[in-house]
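# Overview (structure and organization)
Each chain, letter by letter, is given below.
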Amino acid sequence: MEPLMTGSNSYRIRQGDSLSAIARRNNTTVDALARANNLQSPDRIIAGKTLIIPGANDGFEANAPRPANRPTGTSQNRDSFEPGTTQGTVAQGVTPAGTAGVSGTQNGYRNVDLTAFRQGGSNSESAIVVGTSEGNRTPNGGFTASYGGHTDPGNAKHNRGSFSYQGGGANSPSHADEIWNRELGRVTPQYQRAAERAGLDPNNALLASTFYDLHTQSPRAAQNFLKRELPRLAQDPRGVTPEALVDARVNAYRTDNGQISASGFDHNEQRLRADQTRRETALVRALDARGYRDGGGAVENAPIPRPRPENLTSGTTALPAEVPIPRPRPENLQASNTTGGATPTDLNDTAEIAPAADRPAVQTATPWVSQYNASKVERAGDKACFRAAVVMAAGAGATVTGPDNRIQVATGDDPNGGVTVNAAAARRGREYIDGQLDAGKPVVVGVDHRSGRNSDNVDGITDHFVVITGRGTDEQGRTYYTFHDPATNHQQRGADTNPNNRFYVDQDTGNLYREGPTTGNVVQRHFEVSMVRPNA
């Protein structure tokens, strides 16, 4: 979209603009605009003409005062942004604003009192909503395994609390949450002014949460979000929607000359976009669950979280880079009640499943085989998934080796849900899979889909086996891996043409996962790769 601001103090008039609206967005008056532009009839302006904005200074001009130094203990130093990008002034203090009600931004989300939103430390709405994006909280206010402390996969620093705080001065995760809520309060007035200047409602729950989340991830990107992206967002025909906010977040990582500058994502726009999409989606999920969508449940009825005991923290010193990184299971889902290692399957499943509209760029010629097909699989049945996977791999010319040759990705089955992951092993596993797919061969992988150890497999973690058959990139720029799942009689359900049969790369751990519930039939459950079984 063509930028509307043609200079640091000018504005190009659009169809439907009024002088009063332009004055309000640029923190000036109609009279001042009329005088600066020698307008004889202020009620008549022409689309396409450029207006001079008198006295415009939003803190991002070259002569603006420099930002005050951060207080001790509030710098996360983890934003993966490159030096040399524009930073603006950060105002001090907290200005209460907003009351509950329908938002003036009109994107379906309520207004919030930004001060109340940040109050309560780990019990605050900000900690829960942003913490869901960080992977440390669940929308219902719960705590994931990483809340107490974990190693940041980007810079190997020690994270703690809902916001993955890395600064000093915190003696517990809950104390870290209090510190970062104060930091969010410190930058709130600047956010409010920038939003109002752009003609946006700063109290809108989705817009405010997006700014808080971006500031938590990258304070420098958040500054560009305020300076450059809010005015563009105000003119976006889509409105302040999650899709428009993802674009704004990605663009906030650009330097002033338009280059992506995000070292934590190797300056790769596709990787950055996938991460920003994931985070914005998590914010939406948390806000919806907590009743902030207009017409949703009352916010005050959201469960109040009970902070995790502080003695579960991992200490205050940085952990080694290869410490297993926990990845929480999807929020508000319970562990499976399946027993005996059997595979829950609906043998009468005949649902019509439309194949994926896109196909992977790299695809192997691997046949799909059901683990219940006794004509092709020895001892067919509930526990025949690995034997069926071997048959499928053999159909494409691959011979699966024994368990002693495996790449063990998962290092434990977390009793709180999910698995802990060896990031280096996850990377080796993906590199191996990529090489085999490029050579035209599928790869059998083990997956975890339920809590509790599985004594039927050599690692005590793996619950099921599937066959990775291809690799592609979706329209959001995310890399995905298609797979055949043998745990059904229904080929449309189990084959890699099913759009649900795709692994994505977890940006925190590097592991492959498929989102889904932790109950019900295995072919639709949440999967996390636990091991990779190399070919001979």
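The structure we're discussing is the one just above.
Owing to the predicted nature of the structure, the values given are computational and were not obtained by experimental measurement. (Residues numbered from 1 in each chain as written. Predicted model: local features only at pLDDT ≥ 70, side-chain atom pairs only at ≥ 80, totals over all residues. Heavy atoms only, no water.)

Another aspect to go through is empty space enclosed by the protein. Applying the stated criterion to the full structure yields one cavity of 30 Å³ or more. Taken as a whole, the largest cavity holds about 40 Å³ of empty space. V409, A426, G429, R430, I433, G510, N511, L512, V529 and V532 are the residues that line the largest cavity. Of all the secondary-structure elements, those providing two or more residues to the lining of the largest cavity are helix 11 (423-438) and strand 17 (527-533). Residue contributions to the lining of the largest cavity peak at four residues, all from helix 11. For the lining of the largest cavity, the per-class residue count stands at six nonpolar, three polar and one charged. (1 Å grid on protein atoms, 1.4 Å probe; cavity = no way out; pocket = protein on both sides within 12 Å on 5 of 7 lines; lining within 4 Å. Points joined across faces, edges and corners; volume = space filled by probe spheres on them. Helix = DSSP H or I, 4+ residues; strand = E, 2+ residues; numbered from the N terminus. Nonpolar A, V, L, I, M, F, W, Y, C, P; charged D, E, K, R; others polar.)

Once that is clear, we can look at the side chain of T277. Looking at the secondary structure, you find T277 in helix 9 (residues 269-289). The exposure class of T277 is buried, given its relative accessible area of 11%. Apart from residues lying up to four places away in sequence, T277 is in contact with V246 and Q476. (Buried < 20%, exposed > 50% of the residue type's maximum accessible area, 1.4 Å probe, protein only. Contact = heavy atoms within 4.5 Å.)

Let's shift gears to unusual backbone geometry. With a phi angle near 55 degrees, D266 is a residue other than glycine that sits in the positive phi range. Even without glycine at this site, H267 takes up a positive phi of about 55 degrees.

Another point: the environment of Q270. With respect to the helices, strands and loops of the structure, Q270 is situated in helix 9. Each C-alpha atom of the pair Q270 and Q476 lies 7.6 Å from the other, and the pair is 206 residues apart in sequence. The contacts of Q270, once residues within four sequence positions are left out, are T473 and G477.

Turning to the environment of R290, a few remarks are in order. Relative to the assigned elements, R290 resides in the loop between helix 9 and strand 7 (325-327). Separated by 151 residues in sequence, R290 and P139 place their C-alpha atoms 6.9 Å apart.

Here we come to helix 11. With 16 residues, helix 11 should cover 22 Å at 1.5 Å per step; its first-to-last C-alpha distance of 23 Å lies within 8% of that length. Those residues of helix 11 lying buried are A423, A424, A425, A426, G429, I433, Q436 and L437. Between the side-chain oxygen of the N-cap and the backbone nitrogen of A424 there are 3.0 Å, and the N-cap of helix 11 in question is N422. G440 sits one or two residues past helix 11 and shows a positive phi near 85 degrees. (Expected span 1.5 Å × (residues − 1). Polar contact = N/O pair within 3.5 Å; in protein donor to acceptor, adjacent residues only side chain to side chain.)

As far as function goes, none of this settles anything; it's purely spatial.
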